[in-house]
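An overview of the molecular structure
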Amino acid sequence: MSFDSLGLSEPLLRAVNELGYSSPTPIQLQAIPAVLKGGDLLAGAQTGTGKTAGFTLPILQRLSQLAPAAAGAKRPVRALILTPTRELAAQVEESVRAYGKYLKLKSTVMFGGVGINPQIDALRRGVDIVVATPGRLLDHMQQKTIDVSQLEILVLDEADRMLDMGFIHDIKRVLARLPAKRQNLLFSATFSDEIKALADSLLDSPALIEVARRNTTAEKVDQKIHPVDRDRKRELLTHLIRGNNWFQVLVFTRTKHGANRLAEQLGKDGISALAIHGNKSQSARTRALAEFKDQTLQVLVATDIAARGIDIDQLPHVVNFDLPNVPEDYVHRIGRTGRAGAEGEAVSLVCVDEHQLLKDIERLIKRPIPSEVIPGFEPDPNAKPEPIQRRSQGRGQGQGQGQGRQAPRNGEARANGEPRREGGRPNGEARGARPSNGGNGGKAGAQPSRDARNASKPSASPAPRRAESAPTNHAANSRKPTGGNPGALLGGRRDAQRSGTRSR
Ligand code: AMP
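In the nomenclature of an unreviewed UniProt entry, the chain is known as ATP-dependent RNA helicase RhlE of Caballeronia pedi. Taken verbatim from the UniProt record of the chain, the Catalytic activity (unreviewed entry) comment is "ATP + H2O = ADP + phosphate + H(+)". What the UniProt record of the chain gives under Subcellular location (unreviewed entry) is the line "Cytoplasm".

1. So, the overall build of the chain
What the chain contains, in helices and strands, is 19 helices and 13 strands. With 504 residues in all, the chain has 59% of them scored as buried. Excluding contacts between residues fewer than 6 apart, the proportion of contacts in the chain whose partners are at least 24 apart in sequence is 77%. With the model as given, the accessible surface of the chain reaches about 19700 Å², and the carbon-plus-sulfur share is 50%.

2. A few points about the nonpolar core
Core analysis: the biggest nonpolar cluster contains 39 residues, and L41, L57, I59 and L185 have the highest contact counts within it. In this view, I59 contacts V35, A79, I153, V155 and L185; residues no more than four positions away in its chain are not counted. Listed in part, the 36 residues of the second largest apolar core include L42, V130, L186 and A199.

3. Notes on the pattern of salt bridges
Counting across every chain of the model gives 24 salt bridges. Among the ionic pairs, R78 bridges to E152, the shortest N-O distance being 2.7 Å. Taken together, the residues span a long stretch of sequence, with R78 in the loop between α3 (51-65) and β2 (79-82) and E152 in the loop between α6 (134-142) and β5 (153-156) at a distance of 74 residues. On the basis of relative accessible area, R78 is assigned to the buried category, the value being 1%. Residue E152 is classed as buried on the basis of its relative accessible area, which comes to 18%. A salt bridge links E87 to R285; the shortest N-O distance between them is 3.1 Å. Taken as a pair, E87 in helix α4 (residues 86-99) and R285 in helix α12 (residues 282-293) lie far apart in primary sequence, 198 residues in all. Accessibility classification places E87 together with R285 in one group, the buried group. Through salt bridges with shared partners, one network takes in K51, D157, E158 and R161.

4. Digging into the UniProt feature "domain: DEAD-box RNA helicase Q" (unreviewed entry) in the chain
Those places that UniProt annotates as "domain: DEAD-box RNA helicase Q" (unreviewed entry) correspond, in this numbering, to residues 1-29. Taken end to end, residues 1-29 has its terminal C-alpha atoms 8 Å apart, with 45% of it in helix and 0% in strand.

5. Remarks on the sheet that holds β5
Strands sit in the order β3-β4-β2-β5-β6-β1-β7 across an open sheet of 7 strands; the sheet is parallel. The outermost strands of the open sheet, each flanked by one partner alone, are β3 (107-110) and β7 (207-210). Sheet twist, expressed as the mean angle between neighbouring strand axes with direction ignored, is 10 degrees. Pairing between strand β1 (residues 41-44) and strand β6 (residues 183-188): 4 bridges, direction parallel.

6. Considerations on α12
For α12, spanning 12 residues, the distance from its first C-alpha to its last is 16 Å, which sits close to the expected 16 Å at 1.5 Å a residue. Buried residues of α12: Q282, R285, A288, L289 and F292, and no others. Along the axis of α12, the buried positions cluster into a sector of 130 degrees, meaning they face one direction only. Looking at the residues trailing α12, positive phi occurs at Q295, about 70 degrees.

7. Overview of the sheet that holds strand β13 (residues 344-350)
If you walk across this open sheet you meet the 6 strands as β8-β13-β12-β9-β11-β10, and the pairing is parallel. Each edge of the sheet is formed by a strand with only one pairing partner; in this case those strands are β8 (221-227) and β10 (273-276). Here the strands of the sheet are splayed against their neighbours by 20 degrees on average, with no regard to which way each runs. Pairing of β8 with β13, which is carried by 7 bridges, proceeds in the parallel orientation. The partner of D222 across the bridge, within β13, is E345. Along the sheet face, helix α11 (residues 256-268) touches β9 (249-252), β10 and β11 (299-302) and points at about 170 degrees away from the line of β10. Sitting on the sheet, helix α14 (residues 327-334) touches β8, β9, β12 (317-320) and β13, and the angle it makes with β12 is about 155 degrees.

8. Some words on α3
Side chains three or four residues apart in an α-helix point the same way, a direct result of the helix having 3.6 residues per turn. Taking 1.5 Å per residue as the helical rise, α3 with its 15 residues ought to reach 21 Å, and the 22 Å between its terminal C-alpha atoms agrees with that figure. Judged by how many residues are buried, α3 sits mostly within the fold: 13 of 15 residues are covered.

9. Some thoughts on the pairing of β12
Neither face of β12 is open: one carries H317 and V319, the other V318 and N320, and all of them are buried. Relative to β12, β9 is paired through 4 bridges, and the arrangement is parallel. Its bridge partner being in β12, L250 is matched across the sheet by V318.

10. Here we look at the site of the ligand
Around the ligand, 14 residues are found, and the nearest of them are Y21, Q28, G48, G50 and T52. Backbone polar atom of G50 to an oxygen atom of the ligand: 2.7 Å apart, as the coordinates give it. Between an oxygen atom of the ligand and a main-chain N or O atom of K51, the distance comes to 3.3 Å. Protein coverage of the free-state accessible area of the ligand, which is 500 Å², stands at 84%. Looking at the shell around the ligand residue by residue, the classes come out as 3 nonpolar, 8 polar and 3 charged.

11. Points about the packing of aromatic side chains
A complete count under the given rule lists 3 aromatic pairs for this structure. Among the aromatic residues, those joined into a cluster by ring pairs are F3, Y21 and Y99. Taking the ring centre of F321 as reference, the NZ or CZ of K233 above it sits at 5.8 Å.

12. Digging into unusual backbone geometry
Phi at E158 takes a positive value of approximately 50 degrees, unusual for a residue other than glycine. Position of E158 among the secondary structure elements: in the loop between β5 and α7 (159-164).

13. A closer look at the packing of α6 against helix α8 (residues 168-176)
Each pair of packed helices gets described by two things: the angle between the helix axes and the distance between those axes. For the pair α6 and α8, interaxial distance at closest approach is 9 Å and the crossing angle is 40 degrees. Between α6 and α8, the interaxial angle falls into the category oblique. Crossing of α6 against α8: the hand is left-handed. Judged by residue contacts, P134, G135, L137, L138 and M141 of α6 engage D170, I171, R173 and V174 from α8. For the contact of α6 with α8, the per-class residue count stands at 6 nonpolar, 1 polar and 2 charged.

Conventions and cut-offs
- Residues numbered from 1 in each chain as written.
- Predicted model: local features only at pLDDT ≥ 70, side-chain atom pairs only at ≥ 80, totals over all residues.
- Heavy atoms only, no water.
- UniProt positions renumbered as here; feature names shortened; annotations may be inferred.
- Helix = DSSP H or I, 4+ residues; strand = E, 2+ residues; numbered from the N terminus.
- Buried < 20%, exposed > 50% of the residue type's maximum accessible area, 1.4 Å probe, protein only.
- Contact = heavy atoms within 4.5 Å.
- Areas by Shrake-Rupley, 256 points an atom, 1.4 Å probe, with all protein chains shown as cover.
- Core = buried A, V, L, I, M, F, W, Y, C linked by side-chain atoms within 4.5 Å.
- Salt bridge = Lys/Arg side-chain N within 4 Å of Asp/Glu carboxyl O.
- Pairing = 2+ DSSP bridges.
- Axes fitted to C-alpha atoms, helices over the stretch in contact; angles between N-to-C directions.
- Expected span 1.5 Å × (residues − 1).
- Arc of directions from axis to C-beta.
- Near = heavy atom within 4 Å.
- Polar contact = N/O pair within 3.5 Å; in protein donor to acceptor, adjacent residues only side chain to side chain.
- Nonpolar A, V, L, I, M, F, W, Y, C, P; charged D, E, K, R; others polar.
- Phe/Tyr/Trp six-rings, centres within 6.5 Å; stacked < 30°, edge-to-face > 60°.
- Lys NZ or Arg CZ within 6 Å of the ring centre and 35° of its normal.
- Parallel < 35°, antiparallel > 145°, perpendicular 65-115°, else oblique.
- Left-handed = near helix turned anticlockwise from the far one by under 90°.

What follows is the structure in structure tokens.
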């Protein structure tokens with residue numbers, strides 16, 4: 001099946017062709033015709049599946065074909081794409097530009113942590129498509145620097161992460177300000193009760209589509225465990241990088257402090273490395289990512305949350321310097337490699353303290369991960385495990401890295417010891433004049449840091465969804481789906497619970 005058969009216009013096909021896409025991915029095959037039809041859409045797809053083009057291409061086509069609602073001097077904002085993180089917002093807007101290269105539509109991206117004035121200028125000049133994180137969008141709405149009265153299409157991208165990151169109230173506030181008549185597209189990797197409730201309130205008779213993950217852990221990614229003593233992990237990492245001549249290595253640590261320290265130590269070992277996490281400025285993160293992408297930087301050390309939205313094709317090596325507290329994050333982490341059909345390698349350095357975490361991961365992915373001891377790095381057989389929490393606090397890293405392995409639930413203390421903060425600003429976005437939830441007068445400093453809130457949050461869950469167990473878990477949704485299989489799409493959580501895993 002080629003792109004030609006999907007009903008896309010010539011300028012879009014030309015752009016896609018120039019990007020080297022030979023055939024549509026499964027999500028694109030289903031989403032493009034569905035969005036072109038003009039109805040609402042509920043799509044189960046995670047990053048790496050090609051979902052961005054799945055909604056961007058048909059949006060561009062619809063906007064370029066339909067006349068703006070009111071022909072006036074200034075372009076009205078006609079499409080709004082909300083994303084959970086700055087990085088994802090930037091990448092999605094880059095895609096909008098790339099796919100819309102031969103169209104006359106204009107787009108802009110807006111997120112917190114950077115000056116608001118250039119965004120106001122761009123809005124003043126007129127844009128058709130806005131890609132934004134919820135907090136900064138609300139700031140613009142409150143300052144009346146954005147007019148969404150003529151909005152035609154709304155996309156919630158990675159909606160599960162937005163909810164997980166505490167954006168539900170911001171999203172509701174945004175929705176309340178949008179015109180009632182519009183096309184709504186909701187993309188989510190998982191379907192928690194919160195997502196189902198949001199979909200139910202937002203979507204009108206949605207088409208339902210769901211695609212398999214591009215990278216399940218069993219496919220394409222070669223996984224390995226290297227047992228090692230906790231104090232020799234850095235030495236082993238240097239040995240592996242040097243010995244194998246690895247380049248473009250994405251290394252995950254559990255904490256921001258750990259990321260900083262490791263990047264520094266690797267630098268001392270003569271390996272170029274930078275850390276990205278929520279305490280880094282946006283410009284530092286953008287620079288690190290750019291250097292990593294163009295391969296001038298050998299190693300990028302990241303916390304889970306900072307790594308979200310990083311999209312680098314064919315990233316060859318992912319290293320879990322620390323195993324994640326939440327097993328689902330393992331799947332998300334290694335999904336960074338082997339993307340877009342390429343082979344990838346994911347290695348985990350596992351010390352005696354992490355054996356239970358490893359067991360939890362293996363139970364989740366339903367298979368053991370092959371283990372290989374590297375000569376010279378044999379772990380001490382008499383080493384005693386230390387509770388990770390106690391150890392990390394002892395190192396003075398008590399910022400959001402507690403090691404409880406329970407999935408955080410709404411209203412509960414999170415795995416990292418942080419209470420869930422509804423309406424928080426995970427991006428560390430400047431809050432402008434908007435009063436915050438906590439009534440702190442909108443001071444960013446009163447917000448917990450981004451990683452502290454999210455470091456151990458479960459990511460896009462690999463909870464199995466079984467198409468054959470489709471039945472009628474949709475009963476709560478009074479609307480009739482127009483396509484796809486609602487039971488399969490919304491049944492992930494049930495299956496996950498049944499199989500002893502969890503989806504959130
Ligand atoms: P996404 O899931 O939207 O983050 O896309 C993941 C990656 O797949 C991006 O780097 C896209 O450029 C790439 N991609 C999207 N669609 C296609 C396609 N049809 N063929 C090849 N690569 C694609």
